[in-house]
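Commentary on secondary and tertiary structure
The lines below spell out each chain.
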Amino acid sequence: MASKYLDSILINHDRSGFCILEFNIPSPSQSLNPKVIMSSGNSFNDIALSILRTINWKTRMKSNPANNRVRLPVYFKN
């Protein structure tokens, strides 16, 4: 059975922190439209948003849920 979670990505960072993103699960008629809900700072925002843009949504999502706006916490650990 395939995992429901994204693979962990290791990034070297000089301090620990977090970023909570809210975004649309993309479909042909809708873009990601990401929004930072809360974070430890702009450097975390930039990295979390760049990670979000690298996800291949066609292979990760089997179907679009009714409410396709989701939140994703991203944690950075040094």
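Residues numbered from 1 in each chain as written. Predicted model: local features only at pLDDT ≥ 70, side-chain atom pairs only at ≥ 80, totals over all residues. Heavy atoms only, no water.

1. So, the confidence of the model for the chain
On average, residues of the chain carry a pLDDT of 77, and 68% of them reach 70 or more. No element of the chain has a lower mean pLDDT than helix α2 (residues 57-60), at 64, and none a higher one than strand β2 (residues 35-39), at 94. (pLDDT = per-residue confidence, 0-100. Helix = DSSP H or I, 4+ residues; strand = E, 2+ residues; numbered from the N terminus.)

2. Focus: the pairing of strand β1 (residues 17-24)
Most of β1 sits out of view: six of its eight residues are buried. With eight bridges joining them, β1 and strand β3 (residues 69-76) adopt antiparallel strand pairing. Residue pairing across strands places glycine 17 opposite phenylalanine 76, the latter belonging to β3. When β1 meets β2, the two strands line up antiparallel, connected through four bridges. Following the sheet pairing, cysteine 19 is matched in β2 by serine 39. (Buried < 20%, exposed > 50% of the residue type's maximum accessible area, 1.4 Å probe, protein only. Pairing = 2+ DSSP bridges.)

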